[in-house]
Amino acid sequence: MTQTAPDATDGHPKGSPGYRRILAGLAMAGVATFAQLYSTQAVLPLMSKELGITAADAALSVSLATAGLAASVLPWSFVADRIGRVRAMAVAIGAATVLGLLVPFASGLPVLLGLRALEGVALGGIPAVAIAYLNEEIGKAHASLAAGSYVAGTTLGGLAGRLLAGPLGEVWGWRAGTLAVSVLAAASAAMFLLLVPKPRRFAPAPAQGLGGAARILLGHLRNPRLLAIYLQAFVLMGGFVAVYNYLGFRLHAEPFALPASVVSLLFLAYLSGTVSSRWGAALSLRFSRRNVLLAGIGCMAAGMVLTLWDFLPAVLAGLLLFTAGFFAAHSIGAGWSGTIPDGARAQAASLYNLFYYLGSSVLGWLGGLLFQSAGWPALAWGVIALACTTAAVTAVVHPAARPVPAVVVSAS
C-alpha cells in the first residue's frame, strides 16, 4: 500500500495555484486519454468499407485498445506505488501519444490492431493513477470536487475524439480523422506535462513481490460484494460500447440512411453522462448507492427499448436515456469499489477498471457478431437481458441499507 509522506501537509487547498494546476493538468490528461481510446469508434463504418472488413473486425480497433487498457491498469497501479503518480502518468501519456500518432499510418489491419492494443496498454496508466494522485495531493475537504474536473476531462475527451474523427473522416477518410484526434491528444498531453505540479505527499510503497500482490487481488476477488460490482462493470460497459459501436451501422442503413458526419453527432448524448453521474452521486446520499445503481440500470434497459423503433426521435431519446443511466450506474459502482474493502483500496479500484474495460473489449466485440447475424433487435434485447441480470445480482448481494456518501469518479 502506498503511504503518505509523514511530513506532508494536508494537500493543496482549494483556490491555490497548485490546486488549479492539478485540476487543469488532469483535465488535459483526461482529454488526451479518452480522445485516443475511442478515436476509431466514430469512423468504424468508413474503416470497414475502405479496408473491406466486417463491422465486428473494424470494432476490434476499439476492443483491443480497451483490452490493452484493462490488462494494464493493475500493473500501472503497482508501478505508480513505486515510482510516483506523476512520473507513471507522464510515461503512460507520452508512450500513448507516440503510438496514437502512428495508428493512422498503419499499413493494414494486423498492424492497426497491434498499435491500438499497445496504445491501450499505455493509456491504462492514467485511469489507474489519476484518482489516487488527486486524493494524495488535494486537501481532503475538496478531493471529490477536484475529481469532477478529471471527470469533465474524460467526458470531453471521449466526446471530442468521436466528434472530430467522424466529420473529418467522411471528407478525407478515416486515417485523416484519427490523425486529427492524435494531434489533439498530443497537444493535451503536452499541456498535462507542463501544468501538473510535482507531488508533495507521495512516499514509495515497499515492494510486496508477486506473492503479496496476488494475495491482495485474490482477497478482493473472494469478496462477494466486490464481485457483484465487478460484474456490473463488465456487463454494463460491454453493453454500452456495443451500442455505440453498432448503432452507427444501423443509422447508416435504411430506413435512416444518415451520413457519417450526422451519425457522429450521436456522441453528443455522451454529455448526458456528465450530468447523470453527478446527479447519481447526489441522489445516493438520500436513496443509497444500491437504489441509485438499480435505477441507472433500469434507465439503460428502458432506453434500449426505445431504440427498437424505426423512428429517429425515439432512437435519439432512447440513446440519451440509456447513456444517462449507464453513467449514473458507473459512477456509483466505481466509487463503491474503492470503499468496500478495509485495505488495498487502490487495487480494488483498479480491479473495477480491469473488469470495466474487459467488458468493453469482450462484449463490445461479441455484440457485433450478434448484430451481424440477427440485426439490431437481437443486440438491443441482449443488452437488456444482461442489464437485468446484473441488476438482479446487485439487488441480492447488496441488500437495502442506510444511504452512504458516494465518490465522483471517471465517467469514461
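All of these numbers come straight from a predicted model, not from anything done at the bench.

The rules behind these values
Residues numbered from 1 in each chain as written. Predicted model: local features only at pLDDT ≥ 70, side-chain atom pairs only at ≥ 80, totals over all residues. Heavy atoms only, no water. 1 Å grid on protein atoms, 1.4 Å probe; cavity = no way out; pocket = protein on both sides within 12 Å on 5 of 7 lines; lining within 4 Å. Points joined across faces, edges and corners; volume = space filled by probe spheres on them. Helix = DSSP H or I, 4+ residues; strand = E, 2+ residues; numbered from the N terminus. Nonpolar A, V, L, I, M, F, W, Y, C, P; charged D, E, K, R; others polar. Expected span 1.5 Å × (residues − 1). Buried < 20%, exposed > 50% of the residue type's maximum accessible area, 1.4 Å probe, protein only.

(A) A look at empty space enclosed by the protein. This structure, assessed with the given rule, holds 2 cavities of 30 Å³ or more. Volume-wise, the largest cavity comes out at about 100 Å³. Taken together, 13 residues form the lining of the largest cavity, with Gln 41, Tyr 244, Gly 248, Val 263 and Phe 267 sitting closest to its centre. Those elements that provide at least two residues to the lining of the largest cavity are helix H2 (44–51) and helix H10 (224–252). Residues belonging to the lining of the largest cavity are distributed by class as follows: 10 nonpolar, 3 polar and no charged. Put simply, the second largest cavity is a space of about 40 Å³. Counting only elements with at least two residues in the lining of the second largest cavity, the list comes to helix H5 (109–123) and helix H8 (174–195). In terms of residue count, H8 provides more of the lining of the second largest cavity than any other element does, 3 residues in total. Residues of the lining of the second largest cavity, tallied by class, amount to 3 nonpolar, 5 polar and 2 charged.

(B) Helix H4 (residues 85–102), seen in detail. Compared with the 26 Å implied by 1.5 Å per residue over 18 residues, the 26 Å span of H4 between its first and last C-alpha is a close match. Among all positions of H4, only Arg 85, Val 86, Ala 88, Met 89, Ala 92, Ile 93, Ala 96, Thr 97, Leu 99 and Gly 100 are buried.

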